[in-house]
Amino acid sequence: MGGTAKSVMPWLALHNGRLWAVNVGNPDTFRQRVAFRGVQGMPSQEQDRVLPAALRAWAETLPELAADVVVDADLTRPYLHVSVAVAPDRLGLLRSRVWEWAYEAGLLDEERQDIVMATDEALSNAMEHAFPAGNGELTLFAARDRLARAVHVIVSDNGTWAAPLSRAAGRGMGLAMMDQLADVFDLHHDERGTTVVLRWASQASV
């Protein structure tokens, strides 16, 4: 490939108690994936129906795996996409929004509980570690996958983590909890902020 080489931050995946590092790849591949799925080339109104402009713009800022989740989401069914300023009193509101979405999406009660708990932990970690001064923005996305019987949650922030991702002095226990509650837990951190992707294979058929 021509052009100037760019440094690529690793994708840190904590799964089954182990950290894995995977290159995130070329950021331009997001546009290639959107084109492959037939979104590019559609009239603008049709594009917004398939992948709304605000959601598409946010997905372009995400690491590759998280962007794939957005592009592959089934937006014909209930989904959640909300950005909020960082504030501890927002946690309860966001928790309620996740629970309402999981119910509207037809998930089973046990699935809803795991999703709400893991998402709450991801949000709490971001507010505590990414924004020690309390200034910043979080974005929450939750949706079913249109290609598989699975649901995904993404929590992204534009902050800088003030504490290492470890369990020293009680730190990092939230990461272990998310890994235990979700079928797949992925974490990516770079100069843009931190993105958490959680995945569950849904047993619900509706």
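Look a little higher up for the structure.
Residues numbered from 1 in each chain as written. Predicted model: local features only at pLDDT ≥ 70, side-chain atom pairs only at ≥ 80, totals over all residues. Heavy atoms only, no water.

Asks: Go over the overall build of the protein with me, naming the residues and quoting the values.
Replies: Along the protein, the regular secondary structure elements total seven helices and seven strands. Reading the secondary structure of the protein in the N-to-C direction produces β-β-α-α-α-α-β-α-α-β-β-α-β-β. Scored against the burial criterion, the 206 residues of the protein give a buried share of 47%. Relative to all contacts within the protein whose residues are 6 or more apart in sequence, the contacts with residues 24 or more apart total 66%. (Helix = DSSP H or I, 4+ residues; strand = E, 2+ residues; numbered from the N terminus. Buried < 20%, exposed > 50% of the residue type's maximum accessible area, 1.4 Å probe, protein only. Contact = heavy atoms within 4.5 Å.)

Asks: Account for helix α4 (residues 64–71), with residues named and values stated.
Replies: Among the eight residues that make up α4, six are buried, leaving the element largely enclosed by the rest of the structure. Listed in full, the buried residues belonging to α4 are Ala-66, Ala-67, Asp-68, Val-69, Val-70 and Val-71.

Asks: How would you summarise the pattern of salt bridges if you had to cite specific residues and measurements?
Replies: One pass over the structure, following the stated rule, counts three salt bridges. For Arg-112, the salt bridge identified is with Asp-109, shortest N-O distance 3.2 Å. Of this pair, Arg-112 and Asp-109 both sit in helix α6 (residues 109–130), three residues apart, which is roughly one turn of the helix. Assessed through its relative accessible area of 11%, Arg-112 is described here as buried. Residue Asp-109 is classed as partly exposed on the basis of its relative accessible area, which comes to 39%. Ionic pairing is found between Asp-190 and Arg-192, a salt bridge with its closest N-O pair at 2.8 Å. Looking at Arg-192, the relative accessible area reads 40%, which means it is partly exposed. (Salt bridge = Lys/Arg side-chain N within 4 Å of Asp/Glu carboxyl O.)

Asks: Got a sec to walk through the environment of Ala-118? Specific residues and values, please.
Replies: When you line up the elements, Ala-118 lands in helix α6. Residues Ala-118 and Asp-179, spaced 61 residues apart in sequence, show a C-alpha to C-alpha distance of 8.4 Å.

Asks: Describe in detail the pairing of strand β7 (residues 193–201), supporting the description with residues and values.
Replies: Among the nine residues in β7, seven count as buried, and that is most of the element. Here strand β6 (residues 184–190) runs beside β7; their pairing, made up of seven bridges, is antiparallel. Within β7, the residue paired with Leu-187 across the bridge is Val-196. Between the end of β6 and the start of β7, which pair antiparallel, lie two residues. (Pairing = 2+ DSSP bridges.)

Asks: How would you summarise the packing of aromatic side chains if you had to cite specific residues and measurements?
Replies: Applying the stated criterion across every chain, the model contains two aromatic pairs. With 6.0 Å between their ring centres and 50° between their planes, Trp-58 and Phe-141 make a pair best called tilted. One end of the pair, Trp-58, is in helix α3 (residues 53–59); the other, Phe-141, is in strand β4 (residues 137–144), with 83 residues separating them in the sequence. Given a relative accessible area of 10%, Trp-58 falls into the buried group. Residue Phe-141 is classed as buried on the basis of its relative accessible area, which comes to 0%. Ring centres of Tyr-79 and Phe-141 lie 6.3 Å apart, and the angle between their planes is 50°; this geometry places the pair in the tilted category. (Phe/Tyr/Trp six-rings, centres within 6.5 Å; stacked < 30°, edge-to-face > 60°.)

Asks: How would you summarise the pairing of strand β3 (residues 80–85) if you had to cite specific residues and measurements?
Replies: Of the two faces of β3, the one lined by Leu-80, Val-82 and Val-84 is fully buried and the one lined by His-81, Ser-83 and Ala-85 carries no buried residue. Across six bridges, β3 lies against β4 in antiparallel orientation. Bridging across to β4, Leu-80 finds its partner in Ala-142.

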